[in-house]
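# Summary of structural features
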Amino acid sequence: MRLRCAVLDDFQQVAKEAADWSSVTGEVDVVSFDAHLPDEDALAAALADFDIVVTLRERVAFPGSLLTRLPRLRLIVASGMRNSVIDYAAAEAHGVTVCGTASSSAPPVELTWALLLGLARGLVRESNGLREGGPWQQTVGADLHDRRLGLLGLGKIGSRVAQVGLAFGMRVSAWSQNLTRERADEVGVELAPSREELLRTADFVSVHLALGERTRGLLGPAELALLKPTAYLVNTSRAAIVDQDALLAALHEGRIAGAGVDVFDTEPLPAGHPMRTAPRLLATPHLGYVSQANYATYYGQAVEAIRSYLAGSPVRRLPAP
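Quick summary incoming for the structure in this document.

Each value, and the rule that gives it
Within each chain, residues carry numbers counting from 1 in the order of the written sequence. Side-chain atom pairs in this predicted model are given and counted only at pLDDT of 80 or more, local residue features only at pLDDT of at least 70, and totals for whole chains, interfaces and linings cover all residues. To get the side-chain values, all heavy atoms of the structure are used, and hydrogens and water are removed first. Each helix is a run of H or I in the DSSP string that is no shorter than four residues. Each strand is a run of E no shorter than two, and both are numbered from the N terminus. As defined in this context, the radius of gyration uses C-alpha atoms, and a globule is described by 2.2 Å times the residue total to the power 0.38. Burial classification: accessible surface area is computed with a 1.4 Å probe over protein chains only, and a residue below 20% of its type maximum counts as buried, one above 50% as exposed, and the rest as partly exposed. Whether two residues touch is decided by their heavy atoms; if any such pair falls within 4.5 Å, the residues are in contact. With residues, only the protein chains shown are counted as cover, and all accessible areas are computed by Shrake-Rupley using a 1.4 Å probe. Charged residues are defined here as Lys and Arg on the positive side and Asp and Glu on the negative side; His and the ends of the chain fall outside this count. We put the charge of a Lys on NZ, of an Arg on CZ, of an Asp on CG and of a Glu on CD. Should a side-chain nitrogen of Lys or Arg be within 4 Å of a carboxyl oxygen of Asp or Glu, the pair is scored as a salt bridge. Two strands pair if DSSP finds at least two bridges between them. Every axis in this analysis is a line fitted to C-alpha atoms, fitted for helices over the stretch in contact. Angles between the N-to-C directions lie between 0 and 180 degrees. Whether two aromatic rings pair depends on their centres lying within 6.5 Å, for rings of Phe, Tyr and Trp, where Trp uses its six-membered ring; planes under 30 degrees apart make the pair stacked, over 60 edge-to-face, and the rest tilted. Placement of a positive charge over a ring is assigned whenever Lys NZ or Arg CZ falls within 6 Å of the ring centre and within 35 degrees of the normal to the ring plane. For our purposes a nonpolar core is just a set of buried Ala, Val, Leu, Ile, Met, Phe, Trp, Tyr and Cys residues, chained together by side-chain atoms within 4.5 Å. Counting rule for disulfides: a pair of cysteine sulfur atoms within 2.5 Å. Put simply, angles under 35 degrees are roughly parallel, angles over 145 are roughly antiparallel, angles from 65 to 115 are roughly perpendicular, and the rest are oblique. Note on convention: the crossing is left-handed when the near helix lies turned anticlockwise from the far helix by less than a right angle, right-handed when the turn is clockwise. Residue polarity is assigned by list, with Asp, Glu, Lys and Arg as charged and Ala, Val, Leu, Ile, Met, Phe, Trp, Tyr, Cys and Pro as nonpolar; anything else, Gly included, falls into the polar class.

## Some details on the overall build of the protein
Of regular secondary structure, the protein possesses 12 helices and 12 strands. Its C-alpha atoms give the protein a radius of gyration of 21 Å, near enough to 20 Å, the size a compact globule of 321 residues would have. Projecting the C-alpha coordinates of the protein onto the three principal axes gives extents of approximately 65 × 50 × 35 Å. Put simply, the protein has 321 residues, and 48% of those count as buried. Within the protein, contacts between residues separated by at least 24 positions form 64% of all contacts whose residues are at least 6 apart in sequence. As displayed, the protein has an accessible area near 15100 Å², and 51% of this comes from carbon and sulfur atoms. Measuring between centres, the 31 positive side-chain charges of the protein sit 3 Å from its 36 negative side-chain charges.

Following this line, the structure appears as structure tokens:
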């Protein structure tokens, strides 16, 4: 019997074009899902007849309760080499191999700057006004040169965001719970003495932290209240790092100049979600990882992972040692 592979959340229907699947299609039927499966019941029903699942990042959780309902499943390939929503112990117990892929930090860096620049220069409002016959020049752009960029996190992505900020002539500072002065010096930025000081002094704040127990809700009502009324907040990391209700309140009340957001508490974002209509918000549908090069890597290495599994030698197994 031929194997079946489900490619989840292929919203643009490009997975089969982004990589060459011919090395596995002799044994495997590949089926793309262009709509998100919203809950465990929907996943269990849709995936009951599949042996392999390819999933993007941490969009779909695979807890033990779901794996129990998928007795045919034998391989999960998740993009990236870190995934907090797969129950690895349950996967092992059910005989499911989990593999990852490489992932570039360049696309989220670029999107971070697209959001930041779009906010600073009012690009959406000005472009819409120009196209719709509105006023000629409606906004006065916020300068980047000699303004302070505060980074929460200085890892692979944060450090590259810092380099761009320095190239714009910005004063860049960073903070995280484990950040050392040596690391800040290595990147060429200032070490903020505290999270609170970074928030009080920054003109632009950008979040580049992994989500965990110490970072969940890191920016709540009290922290957002520290931001200048002229400050902008950008989050391309994880929605739960920023208290979503507190952010919405700050935007509606005009307590910050604006926010750029690429991540949400529920994805895809429901039609009536308040983030869709919040003022002073430039929002994108989790595009941080969505680029031609990244998709070529994700799906190309997914094919490699399937081929290697079929040959009895799985590659890039998760959790990574």
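## Examining the pattern of salt bridges
For the coordinates displayed, the defined rule picks out 17 salt bridges. Its salt-bridge partner being D9, residue R59 comes within 3.8 Å of it at the nearest N-O pair. One end of the pair, R59, is in the loop between β3 (52-55) and α3 (64-68); the other, D9, is in the loop between β1 (3-7) and α1 (15-18), and 50 residues separate them in sequence. Each member of the pair R59 and D9 is classed as buried. In this structure, R171 and D146 form a salt bridge, with 3.5 Å as the shortest nitrogen-oxygen distance.

## A closer look at the pairing of β1
Pairing analysis gives five bridges linking β1 to strand β2 (residues 28-32), with the strands arranged parallel. Looking at the pairing, A6 lines up with V31 of β2. Inspection of the sheet shows β1 paired to β3 by three bridges, in the parallel sense. Considered in β3, the bridge of C5 is made with I52.

## A short note on the sheet that holds strand β6 (residues 148-152)
Across the sheet, seven strands lie side by side as β8-β7-β6-β9-β10-β11-β12; this open sheet has parallel pairing. Each end of this open sheet is capped by a strand with a single partner; those strands are β8 (190-191) and β12 (281-283). Running over the sheet, helix α7 (residues 156-167) touches β6 and β7 (171-175) and is turned about 175° from β6.

## Some thoughts on the packing of aromatic side chains
Geometrically, a pair of aromatic rings is defined through the distance of the ring centres and the angle of the planes. Per the stated rule, a full pass over the model turns up seven aromatic pairs. Its end group placed over the ring of F50, R4 keeps NZ or CZ at 4.3 Å from the ring centre.

## Considerations on the nonpolar core
General note: in soluble globular proteins, nonpolar side chains tend to be found buried as a group. Counting residues in hydrophobic clusters, the biggest one holds 30 residues, and the most contacted among them are L152, V205, L219, L224, L233 and L247. Considering every element that reaches this core, the biggest residue donor is helix α11 (residues 244-252), with five residues. Beyond its immediate chain neighbours, meaning those up to four positions away, L219 contacts L152, R195, L199, V207, L224, L233, I241, V242 and D243.

## Side note on the state of the cysteines
Applying the stated criterion to the full structure yields zero disulfides. Note on C5: no disulfide assigned, nearest cysteine sulfur contributed by C99 at a separation of 12 Å. Residue class for C99 comes out buried when judged on its relative accessible area of 0%.

## Section: the packing of helix α5 (residues 106-120) against α7
Closest axis-to-axis distance for the α5/α7 pair is 9 Å, and the angle between their directions is 45°. Considered as vectors, α5 and α7 are oriented oblique to each other. Here α5 and α7 pass one another in a crossing that is right-handed. Residue-level contacts link A106, P108, V109, T112 and W113 of α5 to I157, R160, V161, V164 and G165 of α7. Classifying every residue of the contact of α5 with α7 gives seven nonpolar, two polar and one charged.

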